[in-house]
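Examining the three-dimensional arrangement
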Amino acid sequence: MKKINILFLMSLIALSSCDSMLDKDPQDTFTNTNFWTSESNISGYANAFYEEFTGYGNGGGSGLFYYKTLSDDQVGNSFANWPYLNVPASDGSWKSDWEEIRRACIMLEHIPGIAAMDEATKNHWIGVARMMRAWEYYHLVRMFGDVPWVEKSLNITDDGVLYAKCEDRDLIMDKVLEDINFACTHMIASKGSKTTFSQDMAQAIKAEICLYEGTFRKYRKAEDKQKAPDMEGAKKYLKEAKTACQAIMSKTSYKLNGSY
């Protein structure tokens, strides 16, 4: 009888230990539980955003600022002649921008809970995520006009958000400005690096976004099935563009013999 009881207890212990072992997260892969724990992991995750900046071409090649001989026209090749009035079902620009917005939203959802990071470091990476969300929305609005505004990482079950109605493009751009202003305030300075996320990068992105939006609101025409010009909005965005440029130009490293 004693032997039977001992065997029964040993079986219970074995079963309980197996359950606890099966309940553990995989030790050789990242999960949401063990990944969002350190700045190095966040940095590695955010590195994917660098793919959004295609760089400079070489005269015959491509790039966001590809070279045009003896010309100051440095507009990106993909935006030289935008043909769409409606969103094409298979357009890669529509798909890829939403992928990066989801990546940014995932960062925004997880960074606040990382105990190993101080508030300043958290705010820097939150700034990176909001900067990139602003950058992607800027592209979407520039190409398609009214679009949905999404503030969460979408899953296939989020029916109410996946097919949400489009919001007014002016409201979207005001939210873009909120995002990029947060980034300009909270991201760390470049510290001499020209290849990492920094406050200077946020200011440069802000300058481009606000210059575009300010001129767009000033010169759009109601007869072209657009809104009437918004002079107050134009002034606001152009002032923000000027502020961003001045913030960069005031840095000692960007000065040349005391002048610009």
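Criteria and cut-off values
- Every chain is numbered independently, its residues counted from 1 as its sequence is written.
- Under the rules for a predicted model, residues below a pLDDT of 70 receive no local features and side-chain atom pairs below 80 are neither given nor counted, while totals for whole chains, interfaces and linings still include all residues.
- Based on all heavy atoms of the structure, the side-chain values leave hydrogens and waters out of the count.
- Each helix is a run of H or I in the DSSP string that is no shorter than four residues. Each strand is a run of E no shorter than two, and both are numbered from the N terminus.
- Partly exposed describes any residue whose relative accessible area lies between the buried limit of under 20% and the exposed limit of over 50%, with all areas from a 1.4 Å probe on protein chains only and scaled to the type maximum.
- Throughout, a residue-residue contact means that at least one pair of heavy atoms, one from each residue, lies within 4.5 Å.
- In these tables, accessible area is a Shrake-Rupley quantity obtained with a 1.4 Å probe, and a residue counts as shielded only by the protein chains included in the view.
- Just so you know, the count uses Lys and Arg for positive and Asp and Glu for negative, and it drops His and the chain ends.
- The term salt bridge refers to a pairing of a side-chain nitrogen on Lys or Arg with a carboxyl oxygen on Asp or Glu at a separation within 4 Å.
- pLDDT is a per-residue confidence score from the predictor, ranging from 0 to 100.
- Here an angle of 0 to 180 degrees is reported between the N-to-C directions of two axes, which are lines fitted to C-alpha atoms, with helices fitted over the stretch in contact.
- Each angle receives one of four descriptions, namely roughly parallel if under 35 degrees, roughly antiparallel if over 145, roughly perpendicular if within 65 to 115, and oblique otherwise.
- By the definition used in this description, the sense in which the near helix is turned from the far one sets the handedness, with an anticlockwise turn below a right angle giving left-handed and a clockwise turn giving right-handed.
- When the centres of two rings from Phe, Tyr and Trp lie within 6.5 Å, Trp using its six-membered ring, the rings pair. Their planes under 30 degrees apart give stacked, over 60 give edge-to-face, and anything left gives tilted.
- Nonpolar cores are built from buried Ala, Val, Leu, Ile, Met, Phe, Trp, Tyr and Cys residues. Side-chain atoms within 4.5 Å join them into one set.
- Charged residues are taken to be Asp, Glu, Lys and Arg, nonpolar residues to be Ala, Val, Leu, Ile, Met, Phe, Trp, Tyr, Cys and Pro, and polar residues to be all remaining types, Gly included.

**Points about the overall build of the protein chain**
Check the secondary structure of the protein chain and you find nine helices and zero strands. Its helices and strands taken in sequence order, the protein chain reads α-α-α-α-α-α-α-α-α from the N to the C terminus. The buried share of the protein chain, taken over its 260 residues, is 35%. Across the protein chain, every contact between residues at least 6 apart in sequence was considered, and the portion connecting residues at least 24 apart equals 61%. Total accessible area computed for the protein chain in this model is approximately 16,300 Å², and 57% of it derives from carbon and sulfur atoms.

**A look at the side chain of glutamate 136**
Within the secondary structure, glutamate 136 is located in helix H5 (residues 119-144). Buried charge without a partner: glutamate 136 forms no salt bridge, and the closest opposite charge is arginine 103, 7.9 Å away. Aside from chain neighbours lying at most four places away, what touches glutamate 136 is Glu52, Asp97, Glu100 and Ile101.

**As for the pattern of salt bridges**
Per the stated rule, a full pass over the model turns up 16 salt bridges. The closest approach of N and O atoms between glutamate 119 and lysine 122, which form a salt bridge, is 3.7 Å. Separated by three residues within a single helix, glutamate 119 and lysine 122 lie in helix H5, roughly one turn from each other. Judged by its relative accessible area of 9%, lysine 122 falls in the buried class. With a shortest N-O distance of 2.5 Å, arginine 169 and glutamate 213 are connected by a salt bridge.

**A short note on the confidence of the model for the protein chain**
A residue-level look at the protein chain finds 63% of positions with pLDDT of 70 or above and a mean pLDDT of 78. Mean pLDDT values for the elements of the protein chain range from 53 in helix H1 (residues 2-22) up to 97 in helix H7 (residues 169-186).

**Concerning the packing of H7 against helix H8 (residues 199-219)**
Two numbers describe how H7 lies on H8: the axes approach to 9 Å, and their chain directions differ by 155°. Regarding the angle of H7 to H8, the classification is roughly antiparallel. Considering the relative orientation of H7 and H8, their crossing is left-handed. For the pair H7 and H8, the contacting residues are Arg169, Asp170, Met173, Asp174, Val176, Leu177, Ile180, Asn181, Ala183, Cys184 and Thr185 in the first and Gln199, Ala202, Gln203, Ile205, Lys206, Ile209, Cys210, Tyr212, Glu213, Phe216 and Arg217 in the second.

**Details of the packing of aromatic side chains**
All told, the structure shown has ten aromatic pairs when counted by the stated rule. Between phenylalanine 35 and tryptophan 36, the aromatic rings sit 4.9 Å apart at their centres with planes inclined by 85°, giving edge-to-face as the arrangement. On the basis of relative accessibility, which here comes to 13%, the residue phenylalanine 35 falls in the buried class. Classification of tryptophan 36 by relative accessible area gives buried; the value is 9%. By way of ring pairs, the aromatic residues Phe53, Trp135, Tyr138, Tyr212 and Phe216 are connected into one cluster.

**Some remarks on the nonpolar core**
Nonpolar side chains tend to gather and get buried jointly when the protein is soluble and globular. Met107, Trp125, Met131, Tyr137, Ile180 and Phe197 are the most contacted members of the largest nonpolar core, which has 51 residues in total. Of all the secondary-structure elements, those providing two or more residues to this core are helix H3 (39-46), helix H4 (92-110), H5, H7, H8 and helix H9 (231-249). For this core, the element with the most residues is H5, which contributes 14 residues. Excluding residues within four positions of it along the chain, isoleucine 180 makes contact with Met131, Ala134, Ala202, Ile205 and Lys206.

**Quick notes on the packing of H7 against H9**
The interhelical angle for the contact between H7 and H9, taken along N-to-C directions, is 20°, at an axis separation of 13 Å. Judged by the inter-axis angle, H7 sits roughly parallel to H9. For the crossing formed where H7 meets H9, the hand is left-handed. Across the interface between the two elements, Met173, Asp174, Leu177 and Asn181 of H7 pack against Lys236, Tyr237 and Glu240 of H9. Grouping the constituent residues of the contact of H7 with H9 by class yields three nonpolar, one polar and three charged.

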